[in-house]
Amino acid sequence: MLSAAHTWSLTAIAAVTGVVLLWVWKRFSNQERIALAKRQTRAQLYAMRLYTDDPALIFRAQRQLLLWTGRYLAGMLRPTSVAIVPLLVLFLQLDNVYGHRALAPGESAIVTAQFSGGADLRTLAPTLEGRGVVVETPAVRIPDRRQVCWRVRAVTGASGSVLLRVRGAAIAKAVECGHGLRISPARWDGSPSMDVSCPSATMDVLGFGIDWTVWFLLVSLLTMLALRKRFGVAL
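The structure displayed is predicted, hence computed values, not measured ones.

What counts, and where the lines are drawn
Residues numbered from 1 in each chain as written. Predicted model: local features only at pLDDT ≥ 70, side-chain atom pairs only at ≥ 80, totals over all residues. Heavy atoms only, no water. Helix = DSSP H or I, 4+ residues; strand = E, 2+ residues; numbered from the N terminus. Contact = heavy atoms within 4.5 Å. Phe/Tyr/Trp six-rings, centres within 6.5 Å; stacked < 30°, edge-to-face > 60°. Buried < 20%, exposed > 50% of the residue type's maximum accessible area, 1.4 Å probe, protein only. Lys NZ or Arg CZ within 6 Å of the ring centre and 35° of its normal. Pairing = 2+ DSSP bridges. Axes fitted to C-alpha atoms, helices over the stretch in contact; angles between N-to-C directions. pLDDT = per-residue confidence, 0-100.

Quick word on the environment of Leu21
Mapped onto the secondary structure, Leu21 falls in helix α1 (residues 4–28). Residues Leu21 and Thr223 lie 202 residues apart in sequence; the distance between their C-alpha atoms is 9.8 Å. If near-sequence neighbours (up to four positions away) are discounted, Leu21 is found in contact with Ala83, Leu87 and Met224.

Here it is as structure tokens:
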């Protein structure tokens, strides 16, 4: 599990995200229509319970329930479309910090070299050298994906690097997991990119291991529910 500092920092980020989402919902949604749709939805549910002995009224209430549920979802569409792209970017970056943990001494990972579309793996002879890690297996080629993989083992823990040699060229890659935000640079020179598989991590929440996405969504949702009246937002 990750440290308590990771848990507290993710909790703060999730709470701030919940506040930002409340602002987005208030700014980009019609709150009157959403509130009306919620009231009408509850009214149709009450009608279905009240008129249990009248099939005609129950059928009408069901039809109205579907209608107002659709209107409620339509009211949520605009703020959702505004928030979805920033949330996806945030999730990708948070996963680099909280989704993986550092390799322990003696633990293995897979290093993958991804070659460009024009590369012919049959004519290439890539080799991998370790610095602080041991390369345990020979190269495994996956021609249809244009990938070459090796298994490496950490010697001293999180620190270490690998050196890929292809046709006289050398590319270094740090073997680090869970150490911060990453943005993979675009490669226009045709050189291969490298990726290291990292072991999954869990958050330490009162001694229980919880996936970071579950904790993030839970804290964000609770923040929105707790502050929705203060912001005057109908969810």
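Some points on the packing of aromatic side chains
Ring pairs (aromatic) are described by centroid distance and by the angle formed between their planes. For the structure shown, the criterion picks out four aromatic pairs. The interplanar angle of 85 degrees and the centroid separation of 5.3 Å between the aromatic rings of Phe91 and Phe216 together place this pair among those described as edge-to-face. Separated by 125 residues along the polypeptide, Phe91 in helix α3 (residues 55–98) and Phe216 in helix α4 (residues 212–231) bring together distant segments of the chain. Taking the relative accessible area as the measure of exposure, Phe91 reaches 23% and is therefore partly exposed. Taken together, a centroid distance of 6.1 Å and an interplanar angle of 65 degrees make the contact between Trp212 and Phe216 edge-to-face. Here Trp212 and its partner Phe216 are both found in helix α4, four residues apart, which amounts to about one turn of the helix. In this structure Phe216 comes out as buried when scored by relative accessible area, which is 1%. Joined through ring pairs, the aromatic side chains of Phe91, Trp212 and Phe216 make up one cluster. When the ring centre of Phe28 is taken as origin, the NZ or CZ atom of Arg27, which lies over that ring, is 5.0 Å away. Just above the ring of Trp68 sits the side chain of Arg71; from NZ or CZ to the centre is 4.5 Å.

Describing the sheet that holds strand β6 (residues 161–166)
Strands sit in the order β2-β6-β7 across an open sheet of three strands; the sheet is antiparallel. The open sheet has two free edges, formed respectively by β2 (127–131) and β7 (169–174), since each of these has just one partner strand. In this sheet, adjacent strand axes meet at a mean angle of 20 degrees when their direction is disregarded.

Comments concerning the confidence of the model for the protein
Taken as a whole, the protein shows an average pLDDT of 85; of its residues, 92% reach a score of 70 or greater. In the predicted structure, residues 181–189 sits below a pLDDT of 50 and forms eight contacts with residues beyond four places in sequence or in another chain.

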